[in-house]
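Each chain, letter by letter, is given below.
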Amino acid sequence: MKVTLEFRGGAELLVNGVAQHPVDLDGCKWTVARLLTWIQDNLIQERPELFLQGDSVRPGILVLINDTDWELLGELDYELVENDNVLFISTLHGG
Amino acid sequence: MGDRVKVEDVNVIREGAGERKDEKEREKNGEKMAKKRERLIEELRKKESENQDLQQKLEKREEDVQAILAKLIQDPTNHIIPDKHQHPLNHREVARYSRQLILPEFGPEGQRKLSSTSVLIVGCGGLGCPAAIYLAAAGVGRLGLIDYDTVELNNLHRQILHTEGRVGVAKAVSIALSVKALNSHVELVPYEVVLTSQVALTIISKYDIVLDCTDNVATRYLLNDACVLGNKPLVSGSALRYEGQLTVYHHNGGPCFRCLHPKPPPPETVTNCSDGGVLGVVPGMIGCLQALEAIKLASGLGTPLSRKLLLFDALQGTFRTVKLRGGRSDCEVCGETPTITKLIDYEQFCGAAATDKEKGVQLLEADKRVTVEEYRDVRVKDTPHLLIDVRLPVELEICALPNCINIPLKQLGKPNSIAVIEEKLSSVRTKSIYCVCRRGNDSQLAVKQLESTLSEHGCQIKDIIGGLTAWANKIDPTLPVY
């Protein structure tokens, strides 16, 4: 299943500074929970604790699936479909 | 200077006296002199009038400064500000705001609402400057301006209402002066205070809309909770590097900051403008949009950016608006059974200070650190050693000490970095390593890192206290500080 993963707002620093990652996931049943573990194992270069805390993303990172807050879509239980876009955005605080 | 009477002219006048054949020439010279005189007199008059104008401007400026300073609030615990009331637009206002008055959706009604609205801008920096100037230009009724800080030279690339001449002046006063010069009819209330849990509710209660233009997590939580408790909409903007974010919190059933972020981020994941950098236009864009959202809220125009988050990416040139959750019923401050019913200690809650100022950290024991003076002696005596600069390459382009090797902190533990260090140590025939960075924080982390990776080599590894900033301040003032 092809999906696009995006990391922005500084979260891209966790994945070697690259914002967009088109990925092809094996099999068909992919929940966001499973995706998070996959990202941790396959994309995160160092300091995984800056991405995950427990079984969810760490405080300060928002997850948006197809530009919609994942909270409206079932969070960890959301099942990905072909061509989904999952955006991890770190909240900025500078001014 | 070009009109000064030349020496030859004077000589001509002297020699010409009594000599007939020079009569014509004398006449000619006389005419020339008279013309010159006239010109000079005219010039003088012009300069005098210019001088008078400047004098008047200066006096007006001085009056403005005094007026702003008279309003400066340093103790906000019980300051009194009368309510803003709507009034019919006068001729001056009609003329001044005509181009927005003829917009059917805004119109005189929108203008009247805006001119009776008071907006509090918290943070007079990269976001606060553009927000303040556009709100003032549009004719907002009152602007409260909070900042505890003073203007620094490194602010001016993005904090565009401050000036070279006002370095060292309170930012709230500096913004107020620029705003007054654009629109003298906006009521200005500058506050030179730190927004604390003690004063936040008192100040916020006097305003209709609050703009979060701050630069740190603790103040963002404080401002959010204060706006929920005081029931004010919060227009929140932020910017870093090439990205900006914007949303309206606590408005019309939409979420508050805490609904999105019940827990604060780990402090080490938060980057400020001083460390991460920021292109000035980026907060400029977001600050303008904050002004826009405030104008929409004040006048009832359009749809406020509530339950939506706007993401601006300067490098891609994109604006993207994503859909957010509504207010959470279990939110600790705006939910159905709130547990936060008064303001708390936000620095403690976030584990981080309520400023974006750098704080020096002390991670190493004293014997593993040297002062810049001690390190100067090492260089003067030519003691064999290896100097590792652990900053990013772009920072070495700004300034660096000669004969250092550059290995950024993040690369320091990598095998090829270790190989480079080992090779250098053997070619210089030393076991002495000094680590340096910008301010002396990362260099301590570097020492710790190298101590573990080079443990078998028996090296003496130290860091330079205060980094290149201290070196520039105490040893070599020709080195630029950034």
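Per-chain numbering applies: the sequence of each chain, read as written, is numbered from 1 onward. Numbering of ligands from 1 and lettering of chains from A proceed in the order in which they are written. Selection of residues for local features in this predicted model requires a pLDDT of at least 70, selection of side-chain atom pairs for listing and counting requires 80 or more, and totals for whole chains, interfaces and linings are taken over all residues.

If you look chain B up in an unreviewed UniProt entry, it shows as Adenylyltransferase and sulfurtransferase MOCS3 homolog from Petrolisthes cinctipes.

Chain A has the name Ubiquitin-related modifier 1 homolog in an unreviewed UniProt entry, where Petrolisthes cinctipes is given as its organism. UniProt positions are given in the numbering used here, feature names are shortened, and annotations may be inferred rather than shown by experiment. Taken from UniProt, the Sequence similarities (unreviewed entry) comment for chain A reads in full: "Belongs to the URM1 family." One UniProt comment on chain A, placed under Pathway (unreviewed entry), says "tRNA modification; 5-methoxycarbonylmethyl-2-thiouridine-tRNA biosynthesis."

## Overview of the overall build of chain B
Helix and strand counts for chain B stand at 18 helices and 13 strands. Radius of gyration here uses only the C-alpha atoms, and the compact-globule reference equals 2.2 Å multiplied by the residue count raised to the power 0.38. Relative to the compact-globule value of 23 Å for 482 residues, chain B shows a C-alpha radius of gyration of 31 Å, a clear excess of over 25%. Considering only C-alpha atoms, chain B reaches an extent of 105 × 75 × 45 Å along its principal axes. Classification of the 482 residues of chain B by burial places 38% in the buried group. By definition, residues are in contact whenever their C-beta atoms, placed on the basis of the backbone, come within 7 Å of each other. Contacts in chain B between residues far apart in sequence, at least 24 positions, make up 71% of those at least 6 positions apart. A run of DSSP states H or I qualifies as a helix once it reaches four residues; a run of E qualifies as a strand once it reaches two. Both are numbered from the N-terminal end. Whether a residue is buried, exposed or partly exposed is read from the other C-beta atoms within 10 Å of its own C-beta, which are placed from the backbone; 20 or more gives buried, 12 or fewer gives exposed, and intermediate counts give partly exposed.

## Regarding the UniProt feature "binding site: ATP" (unreviewed entry) in chain B
All names here are of chain B. The feature "binding site: ATP" (unreviewed entry), as annotated in UniProt, sits at Gly 126, Asp 147, Asn 154, Asn 155, Leu 156, His 157, Arg 158, Lys 171, Asp 215 and Asn 216 in this numbering. In this structure, His 157 sits in the loop between strand S2 (142–146) and helix H7 (171–182). A residue is classified by how many C-beta atoms lie within 10 Å of it, and His 157, with 12 of them, is exposed. Inspection of the secondary structure assignment puts Arg 158 in the loop between S2 and H7. With 23 C-beta atoms packed within 10 Å, Arg 158 lands in the buried category. Setting aside residues up to four positions removed in sequence, Arg 158 forms contacts with Gly 126, Val 278, Gly 280, Pro 283 and Gly 284.

## Quick look at the interface of chain A and chain B
Every contact between the two is made by 20 residues of chain A and, on the other side, 36 residues of chain B. Residue assignment for the side of chain A that touches chain B shows that the elements contributing at least two residues are strand S5 (61–65) and strand S6 (68–69) of chain A. Polarity classes work like this: nonpolar for Ala, Val, Leu, Ile, Met, Phe, Trp, Tyr, Cys and Pro, charged for Asp, Glu, Lys and Arg, and polar for all others, with Gly in that last group. The class makeup of the residues in the side of chain A that touches chain B is seven nonpolar, eight polar and five charged.

## Quick notes on the UniProt feature "modified residue: 1-thioglycine" (unreviewed entry) in chain A
The feature "modified residue: 1-thioglycine" (unreviewed entry), as given by UniProt, occupies Gly95(A) in the numbering adopted here. For Gly95(A), the position within the fold is in the segment after strand S7 (85–90). Judged by local crowding, Gly95(A) falls into the buried class, with 33 C-beta atoms found within 10 Å. Setting aside its immediate chain neighbours within four residues, Gly95(A) contacts Gly123(B), Gly125(B), Gly126(B), Leu127(B), Cys213(B), Thr214(B), Asp215(B), Gly237(B), Ser238(B), Ala239(B) and Pro283(B).

## A closer look at the UniProt feature "binding site: Zn(2+)" (unreviewed entry) in chain B
All names here are of chain B. Sites flagged by UniProt as "binding site: Zn(2+)" (unreviewed entry) map to Cys 256, Cys 259, Cys 331 and Cys 334. Taken along the chain, the residues just named run across 79 residues; in space they keep tight, none of their C-alpha pairs more than 8.6 Å apart. Locating Cys 256 in the fold gives a position in the loop between strand S6 (243–249) and helix H10 (257–260). Residue class for Cys 256 comes out buried when judged on the 23 C-beta atoms lying within 10 Å of it. In contact with Cys 256, other than residues within four places in its own chain, are Asn 224, Val 228, Tyr 249, His 250, Gly 327, Cys 331, Val 333 and Cys 334. Here Cys 259 lies in helix H10.

## Side note on helix H16 (residues 415–428) of chain B
An α-helix turns once per 3.6 residues; consequently, residues spaced three or four apart project the same way. Along its 14 residues, H16(B) runs 20 Å from first to last C-alpha, staying within 8% of the 20 Å computed at 1.5 Å per residue. Directly after H16(B), the chain includes Arg429(B), whose backbone phi takes a positive value near 55°. Given the number of residues in a helix, its expected span is that number minus one, multiplied by 1.5 Å.

## Some thoughts on the pairing of strand S1 (residues 2–8) of chain A
All names here are of chain A. Summarising the sheet, S1 and strand S2 (residues 20–24) pair through five bridges and their orientation is antiparallel. When the sheet's bridge partners are listed, Lys 2 is paired in S2 with Asp 24. Paired strands are those between which DSSP finds at least two bridges. Here S1 runs beside S7; their pairing, made up of five bridges, is parallel. Bridging from a neighbouring strand, Thr 4 pairs with Asn 85 of S7.

## Quick notes on the pairing of strand S4 (residues 209–212) of chain B
Residues and elements named next belong to chain B. In S4, alternate side chains face the same way, and those of Ile 209 and Leu 211 on one face and Val 210 and Asp 212 on the other are all buried. Sheet analysis places S4 next to strand S5 (residues 234–240), joined by three bridges and oriented parallel. Along S5, the bridge assignment pairs Asp 212 with Ser 236. Crossover connection from S4 via helix H9 (residues 217–230) to parallel S5: handedness right-handed. Whether a crossover is right-handed depends on one test, that the path from the first strand over the helix to the second runs clockwise when the strands point away from the viewer.

## Quick look at the nonpolar core
All names here are of chain B. If you look at the biggest cluster of nonpolar residues, it comprises 109 residues, and the most contacted ones within it are Ile 121, Ala 132, Leu 143 and Leu 145. If one sorts the elements of this core by residue count, helix H12 (residues 281–299) sits on top with 10 residues. Counting 21 residues, the second-largest nonpolar core is a separate cluster that includes Leu 386, Val 390, Val 436 and Ile 461. Residues enter a nonpolar core if they are buried, belong to Ala, Val, Leu, Ile, Met, Phe, Trp, Tyr or Cys, and are joined to the set through C-beta atoms within 7 Å.

## Regarding the packing of helix H6 (residues 128–138) of chain B against H12(B)
Think of two packed helices as two axes; the pair is described by the angle between the axes and how far apart they sit. Residues and elements named next belong to chain B. Remark: H6 packs on H12, axes separated minimally by 7 Å, with the N-to-C direction vectors making an angle of 40°. Classified by the interaxial angle, the pair formed by H6 and H12 is oblique. At the point where H6 passes H12, the crossing takes the right-handed sense. Only Gly 284, Gly 287, Cys 288, Gln 290, Ala 291, Ala 294 and Ile 295 of H12 make contact with H6, whose side of the interface consists of Gly 128, Cys 129, Pro 130, Ala 131, Tyr 134, Leu 135 and Ala 138. By residue class, the composition of the contact of H6 with H12 is 10 nonpolar, four polar and no charged. In this analysis an axis means a line fitted to C-alpha atoms, helices contributing only their contacting stretch, and an angle means the value between N-to-C directions, from 0 to 180 degrees. Reported orientations rely on four angle classes, namely roughly parallel under 35 degrees, roughly antiparallel over 145, roughly perpendicular from 65 to 115, and oblique for the rest. Two helices cross in a left-handed way if the nearer one is turned anticlockwise from the farther one by less than a right angle. They cross in a right-handed way if the turn is clockwise.

## Things to note about the sheet that holds strand S9 (residues 369–370) of chain B
Residues and elements named next belong to chain B. Across the sheet, which stays open at both edges, the five strands sit in the order S9-S13-S12-S10-S11 with parallel pairing between neighbours. Across the chains shown, the open sheet's two edge strands, defined by having one partner strand only, are S9 and strand S11 (404–406). In this sheet, strand S13 (residues 460–464) lies alongside S9 in parallel orientation, the contact comprising two bridges. Counterpart to Arg 369 in the pairing with S13 is Asp 463.

## With respect to the packing of helix H5 (residues 107–115) of chain B against H12(B)
All names here are of chain B. Where H5 meets H12, the axes come as close as 8 Å, and the angle between the chain directions of the two elements is 105°. Regarding the angle of H5 to H12, the classification is roughly perpendicular. Here Gly 110, Lys 113 and Leu 114 of H5 come into contact with H12, specifically with Ile 295, Ala 298 and Ser 299.

## A few points about unusual backbone geometry
Residue and element names in this part refer to chain A. A positive phi angle, near 65°, is found at Asn 16, a position not held by glycine. As for its placement among the helices and strands, Asn 16 is situated in the loop between S1 and S2. Classification of Asn 16 as exposed rests on a count of 12 C-beta atoms within 10 Å.

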